[in-house]
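# Geometric and topological summary
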Amino acid sequence: NLPSGSIEVEQKFIFGPGTVEKLVALGATPEGSVSFCDRYYDLPNMRLILADHWLRERTGAGWELKRPPQRLEGAAGSGSLTCAAVENQVPQRSPPEAPTSPPNSSRGSPQALKGGGQSHLAKQYEEVTHPRDIVDRVCGLLGVEVAAEWQADVAKMAEQLGLNEFARFVTLRRKFHLGDLNLDVDLDEADFGYAVGEIEAMVSEQLEIPSALQRIQKLGRQLDLDMTTPVPGKMSVYLHKFRPEHYEALVQARKLGKVGN
Ligand code: V4E
């Protein structure tokens, strides 16, 4: 387990029947399967997710907050980062174009790639896992003072602030580890009928991000993956299917990988 505030560098991909074989042939260690339920929480006005903050309770892991890496200036506590440095070193995915037609109504080359000139679509998120840090970050974003009884009790804070569950799904995950590249690969099947793979590196500071990106690209090539087409995450697909208002709000705010370019 990495400390609260670690940075996850990850790239999603669509896997096929040969992916497991290729992983094993590359020397990946199968680390078994796990099943877990994620419950995501937000205010009715979607304040957290519109700020790209994802608060969830996962069975077996407890409460977690994922949010974009933060700037160093003026930030306190674990997980602070210089975002500008990250942006300079990492080619970022350009935001999707404003939708001109309903999702899934058209096919074609992904808009996100046009004119972007970037070489990959990997993303970084800070993972906050210490309850006290989660409460601080959420209250900071919402502009409310931390009540004494919430300090190490995320559930109580969520209840008293009116954060409601807006998404819940179960994932069956097959896990692999590549020791030489220091990467993890997850092959996920969600209970709403979507499967997606993820190559992931956990790093503790932003200086390590470029090397993590290079290792991810290398593994993608070794697995013959298409590393240039954006692949939506489970949440994008879930919201598209079951929470269309959330989905539309996020697409308008350009905070979510668009489904069905
Ligand atoms: C960051 C995020 C969400 C939280 C879930 O993160 P993700 O890495 O997508 O999935 P998960 O839960 O399988 O990862 P784990 O923590 O187990 O490693 S939900 C939505 N986002 C943001 C997001 C985004 N902006 N765009 C895309 C394409 N995906 C996710």
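Residues numbered from 1 in each chain as written. Predicted model: local features only at pLDDT ≥ 70, side-chain atom pairs only at ≥ 80, totals over all residues. Heavy atoms only, no water.

## Observations concerning the site of the ligand
Using the following cut-off: A single heavy atom is enough: if one lies within 4 Å of a molecule or strand, its residue is considered near that molecule or strand. Counting of polar contacts relies on pairs of N or O atoms within 3.5 Å, with two restrictions inside protein: one atom must be capable of donating a hydrogen and the other of accepting it, and residues adjacent in sequence are counted only when both atoms are side-chain atoms. In these tables, accessible area is a Shrake-Rupley quantity obtained with a 1.4 Å probe, and a residue counts as shielded only by the protein chains included in the view. For the purposes of this entry, the term helix denotes a DSSP run of H or I that reaches at least four residues, the term strand denotes a run of E that reaches at least two, and both are numbered from the N terminus. Gly is placed with the polar residues, together with every amino acid not listed as nonpolar (Ala, Val, Leu, Ile, Met, Phe, Trp, Tyr, Cys and Pro) or charged (Asp, Glu, Lys and Arg).
Among the 22 residues in the neighbourhood of the ligand, the closest are listed as E10, R56, K66, K234 and K255. In this structure, an oxygen atom belonging to the ligand sits 2.7 Å away from a side-chain N or O atom of R56. Contacts to the ligand include E198, whose side-chain N or O atom sits 3.1 Å from an oxygen atom. Considered on its own, the ligand offers 630 Å² of accessible surface; in the complex 95% of this is hidden by protein. Those elements that place two or more of their residues in the shell around the ligand are β1 (6-13), β3 (54-58), β5 (123-128), β8 (194-203) and α7 (234-242). Looking at the shell around the ligand residue by residue, the class counts come to five nonpolar, two polar and 15 charged.

## Describing the sheet that holds strand β2 (residues 29-42)
Adjacent strands of a sheet pair through backbone hydrogen bonds, lying either parallel or antiparallel. The condition that has to hold: One requirement defines pairing of two strands: DSSP has to find at least two bridges between them. Structural elements are reduced to axes, namely lines fitted to C-alpha atoms, with helices fitted over the stretch in contact, and the angle between N-to-C directions of any two is expressed from 0 to 180 degrees. Here a residue-residue contact requires only that any non-hydrogen atoms of the pair lie within 4.5 Å.
Around the barrel, which closes on itself, the eight strands sit in the order β1-β5-β4-β3-β2-β6-β7-β8 with antiparallel pairing between neighbours. Strand-to-strand twist across the sheet, computed as the mean angle between neighbouring axes with direction ignored, equals 35°. Sheet topology note: the β2/strand β6 (residues 164-178) ladder contains 12 bridges and is antiparallel. Bridged to T29 within β6 is H177. Each of β3, β4 (62-67) and β5 is contacted by helix α4 (residues 131-142), which is oriented at about 45° to β4, the strand it contacts most. Along the sheet face, α7 touches β2, β3, β6, β7 (183-190) and β8 and points at about 150° away from the line of β6.

## Overview of the environment of A253
Threshold: When accessible area is computed with a 1.4 Å probe and restricted to protein chains, residues below 20% of their type maximum are described as buried, those above 50% as exposed, and intermediate ones as partly exposed.
Position of A253 relative to the elements: it lies in the segment after α8 (244-252). Residue A253 is classed as partly exposed on the basis of its relative accessible area, which comes to 33%. Measuring from C-alpha to C-alpha, the distance between A253 and I49 comes to 9.9 Å, with 204 residues separating the pair along the chain.

## Some points on the packing of α4 against helix α5 (residues 154-161)
Test applied: Roughly parallel means an angle under 35 degrees; roughly antiparallel means over 145; roughly perpendicular covers 65 to 115; every other angle is labelled oblique.
In contact at an axis separation of 9 Å, α4 and α5 are set at 25° when each is read in the N-to-C sense. The orientation of α4 with respect to α5, classified from their angle, is roughly parallel. Between α4, through P131, I134, V135, V138, C139 and L142, and α5, the contact on the second element is made entirely by V154, M157 and L161. Split by residue class, the contact of α4 with α5 holds nine nonpolar, no polar and no charged.

## Here's the deal with the packing of α7 against α8
Remark: α7 packs on α8, axes separated minimally by 6 Å, with the N-to-C direction vectors making an angle of 125°. When the axes of α7 and α8 are compared, the pair comes out oblique. Here S236, L239, H240 and F242 of α7 lie close against α8, whose contacting residues are P244, H246, Y247 and L250.

## Let's talk about the nonpolar core
For the record, the criterion: Joining through side-chain atoms within 4.5 Å is the link that ties buried Ala, Val, Leu, Ile, Met, Phe, Trp, Tyr and Cys residues into a set, and such a set is a nonpolar core.
With 24 residues, the main nonpolar core has L23, V185, I199 and L219 as its most contacted residues. Every element with two or more residues in this core is listed here: β1, β6, β7, β8 and α6 (209-222). The dominant element in this core, judged by the number of residues it contributes, is α6, at five residues. Contacts of V185, omitting those with residues within four sequence positions, involve F13, L23, R174, K175, F176, L178, E198, I199 and L219. In this structure, F166, A190, Y194 and V237 belong to the second largest nonpolar core, which totals 22 residues.

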